[in-house]
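Coordinates in review
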Amino acid sequence: MDRGTRPAVLVTGGAGYIGTHTAKALYEQGFLPVVFDDLSSGFREAARWGAFVHGDIRDARALGEAIDAHGVKAVIHFAGLIEVGRSVARPDLFWDINVSGTVSLLAALRERDVDRLVFSSSAAVYGQGGRGPLETIGEDAPKAPASPYGDTKLACEWMIAAACRAYGLSAVALRYFNAAGADPSGEIGEAHEPETHLIPLAIAAGLGRGKPLTVFGQDFDTPDGTCLRDYIHVSDLAAAHVAALQVDLPAGAFEAVNVGTGQGRSVLQVVEAVGRALGRPVPYATGARRAGDPPSLVADPARAVELLNWSAKCSDLDRIVTDALRWEQDPAYGAGHRAQGGRLSKAPTQ
Ligand SMILES: NC(=O)c1ccc[n+]([C@@H]2O[C@H](COP(=O)([O-])OP(=O)(O)OC[C@H]3O[C@@H](n4cnc5c(N)ncnc54)[C@H](O)[C@@H]3O)[C@@H](O)[C@H]2O)c1
């Protein structure tokens, strides 16, 4: 398809982990992703599909120029800070980038002909609030974020909902559970610095590269005593964004949708799956519980099926781990890539 005939979609934070996978999915579905990213945690070489604009989301003028230059009609908003622990130490930074950045994006959209916004929200908006320990979480569950990070996601949802009512925009907030895995091609993957997510940390420990793995708490009220989480393959997440972009919604509508599998996997099940993929057990130590860690965070994904006609297709735990391992053994960018001497073993596809 000719570049000029593709509908342009602004992808803020599109050089990051989930944004990169979504930009690839958009391109494959006939869209032109216009990645807008300040590269504070993303990678220029990961933004291989469509156009790239270097900029800060707090700069409404730069956002407006990117929208006008490419004739953008829809936006997917990933850009922001993501580390929960850091948000506890620096809530000011999180409110500045996540919340003020979203204010700035909405200001840029107000007088432009953009009719759909898809926002990266999070299961962090639910916190622990008001449910039994092993219940799945529906979108109507009480919102009780347990960190400033979760607060910022909920504040953005409220602001986006108000902007929809005011400007006639329609929006979908996707509340992701635990994003994991990597594109099956091995050309893009997870490269957070520092890495705080379980699967890459378990792989690094298993490969003898990273710090020894600590399992935080083995005394939760769960089948094996470790926390249950809902791991969703990043390719499934990317597909959910493409669906949210295209779903028919009236002007002014705001929808919040869980993106998960509905299946809880324990920390020890993940560690075992990494061991299976590696062909040897992952060494780990048991540590104390972390403050604010709920025993279980598992989505009820019924609304995603109903509204988006979307369900997880490749989020089997062994598949997630196999795809993550393929990437971690030979990452094309990020700290792991530099540690291997910075050789680019994967030719860009575009
Ligand atoms: N990874 C998860 O499991 C998960 C779960 C729930 C929600 N989310 C949300 O999904 C989104 C993407 O997460 P990710 O894991 O891909 O993170 P990431 O850090 O890999 O990507 C974030 C991107 O945003 C860019 N960015 C940061 N500040 C910016 C700014 N001021 N201006 C422009 N660009 C900026 C970064 O350079 C990076 O490319 C985030 O909003 C995150 O809160 C992630």
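Refer to the preceding data block for the structure.
Residues numbered from 1 in each chain as written. Predicted model: local features only at pLDDT ≥ 70, side-chain atom pairs only at ≥ 80, totals over all residues. Heavy atoms only, no water.

**A short note on the site of the ligand**
Taken together, 29 residues are adjacent to the ligand, and Ile18, Asp37, Phe78, Tyr149 and Lys153 come closest. Lysine 153 is positioned with one of its side-chain polar atoms (N or O) 2.8 Å from an oxygen atom of the ligand. Compared with its free state, where it exposes 830 Å², the ligand has 96% of that area covered by protein. Secondary-structure elements contributing two or more residues to the shell around the ligand are α1 (17-28), β5 (116-122) and α5 (148-167). No other element matches β5, which puts 3 residues into the shell around the ligand. Grouping the amino acids of the shell around the ligand by side-chain chemistry returns 13 nonpolar, 12 polar and 4 charged. (Near = heavy atom within 4 Å. Polar contact = N/O pair within 3.5 Å; in protein donor to acceptor, adjacent residues only side chain to side chain. Areas by Shrake-Rupley, 256 points an atom, 1.4 Å probe, with all protein chains shown as cover. Helix = DSSP H or I, 4+ residues; strand = E, 2+ residues; numbered from the N terminus. Nonpolar A, V, L, I, M, F, W, Y, C, P; charged D, E, K, R; others polar.)

**Topic: the sheet that holds strand β14 (residues 296-297)**
The strand order across the open sheet formed by 3 strands is β12-β9-β14, and the pairing between neighbours is mixed. Every interior strand has two partners, whereas the edge strands, β12 (265-266) and β14, have only one. Taken together, the 2 bridges between strand β9 (residues 228-229) and β12 define a ladder with antiparallel strand orientation. Within β12, the position partnered with leucine 228 by the bridge is serine 266. (Pairing = 2+ DSSP bridges.)

**Digging into the packing of aromatic side chains**
To describe a pair of aromatic rings, you give the distance between the ring centres and the angle between the ring planes. For the structure on display, the rule yields 4 aromatic pairs. Arranged with centres 5.0 Å apart and planes meeting at 55 degrees, the rings of tryptophan 327 and tyrosine 333 form a pair that is tilted. Overall, tyrosine 333 belongs to the buried group, its relative accessible area being 2%. Put simply, the rings of Phe43, Trp327 and Tyr333 pair up and form one aromatic cluster. Positioned over the ring face of tyrosine 27 is arginine 6, at 3.8 Å from the centre of the ring. Above the ring of phenylalanine 220, the side-chain terminus of arginine 289 is found at 4.0 Å from the ring centroid. (Phe/Tyr/Trp six-rings, centres within 6.5 Å; stacked < 30°, edge-to-face > 60°. Buried < 20%, exposed > 50% of the residue type's maximum accessible area, 1.4 Å probe, protein only. Lys NZ or Arg CZ within 6 Å of the ring centre and 35° of its normal.)

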